Structure formats: C-alpha cells, structure tokens
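Structure at a glance
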Amino acid sequence: GDWSCGGGSFNMPFEDFCAVQQAAKEAFCALPCPVYALPGNHDCPAGGDYSFFAQLWGTQPGIGQTVDLPDARLVLLNTHGHSPEQLADAYPGDPISGWVNEREMQRLEEALATAGARPVILFAHQLLMPWVGEPEWQELYQVDNREEVLRLMARYANVRAVFQGHAHMLNLQTCTIGGNACTFVVCPSLIE
C-alpha cells in the first residue's frame, strides 16, 4: 500500500493521482516477476473511493487475493473495506485506520481453512499487531476489527508471518498466535 500520495490529507489532484498510480503499476509490472497489489490509505482520491485502484489492478474494492506457491500460501488481506457510513464519517478525509469487511473476512477464513500443510504468509496495509518500542503506538495505525482477524489466525494456527505497512517504519516482533510463532513485520512504505 501507499503506492502514491493520494488520499484526503494530501489534496493530490485526481489526474495526478491517476497518473502516479498508473506509472507505479507500469514500473512494477516491468519487473521479471508477478506483481500483486494491496491499496494503502493514500491510494484513493479524497473521500476513500478505491474503485480506480481496483480497476487498475483487476481486483474488487475491499477484496484481496490469495496466491499459492509450492511451499506457502500468500494471503493479501484488503484492509480498505470501509462501509459507506464509515467513509461518510471520515469525510472530507478518508479513514486512516483499516477495516476488513465481511466478504473479505469470509475470504480470509476460507484461505486459512484450505491452506493444507502450507504455511500462510499474510500481507496487510494497516497493522494487526501494535509495534514494539518507539514511537508510542497510536490506534490510527491499526485494523479496527483486528481482534476478529487475530481470532481467525489463532483458530487455524497456520499464519507464520504478517507483513504490514501504513506506519512508514521498520519494526519486527514474534508473537504466539494459536500456539505457534508468528512474526509481524512493519515495512516502510513505497512512497518513502
């Protein structure tokens, strides 16, 4: 996430937003490997409409993807599934914290339940686990319904790593989820 400096707080003109999103996709798709994308809170025009991002990447707003590799399952969890009411409450800005909508939560459960013996690596923009150390944790960095996501992870106990963005920092910790070790990584953003 955060492929651009869009979103309500940057006042990026819509035409510039679209051009930056397109250029970022073209640059990454020129690499000699498959590319999958999740939106960040800056990857929408003011107001929180992720339809341009979804159309550009061939996905559905609020819905992520599952990628099966021979030795692991990758789950790209879309944390921008805010309801129209949540978007209206944040207007003229956009929701900064994340929300996994009901359809995406069902997709996550199915992905975890059908992974078989493969370990799962989860990717999300907003954070499922607060970072350790400085600076002090702030709730605007979280997935607001993260406890529900963590309960699913504990039930299936097959997520071994979670890569998260949003906080524009680097942080690493290992926690026990469902009786197994799970490493949570906060990655710096693309725009940095």
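Scroll up for the structure.
What comes next is a walk through the structure. (Residues numbered from 1 in each chain as written. Predicted model: local features only at pLDDT ≥ 70, side-chain atom pairs only at ≥ 80, totals over all residues. Heavy atoms only, no water.)

Looking only at helices and strands, the chain features five helices and six strands. Along the chain, from the amino end to the carboxyl end, the secondary structure elements read α-α-β-β-α-α-β-α-β-β-β. The C-alpha atoms of the chain give 16 Å as radius of gyration, which agrees with the globular expectation for 192 residues (16 Å, within 12%). In terms of overall dimensions, the chain has C-alpha extents of about 45 × 40 × 30 Å along its principal axes. Residues classed as buried in the chain amount to 48% of the 192 residues present. Considering only residue pairs separated by 6 or more positions, the chain has 65% of its internal contacts joining residues 24 or more positions apart. As displayed, the chain offers around 9,400 Å² of accessible surface, 55% of which is attributable to carbon and sulfur atoms. (Helix = DSSP H or I, 4+ residues; strand = E, 2+ residues; numbered from the N terminus. Rg over C-alpha atoms; globule rule 2.2 N^0.38 Å. Buried < 20%, exposed > 50% of the residue type's maximum accessible area, 1.4 Å probe, protein only. Contact = heavy atoms within 4.5 Å. Areas by Shrake-Rupley, 256 points an atom, 1.4 Å probe, with all protein chains shown as cover.)

Compared with an ideal rise of 1.5 Å per residue, which puts 16 residues at 22 Å, helix H1 (residues 14–29) spans 22 Å between its outermost C-alpha atoms and is within 8% of the ideal. Regarding H1, the residues found buried are Phe 17, Cys 18, Gln 21 and Ala 24. Taken end-on, H1 shows its buried residues confined to a sector of 130 degrees, consistent with a single buried face. Check the buried side of H1 and you find it contacts helix H2 (51–57). (Expected span 1.5 Å × (residues − 1). Arc of directions from axis to C-beta.)

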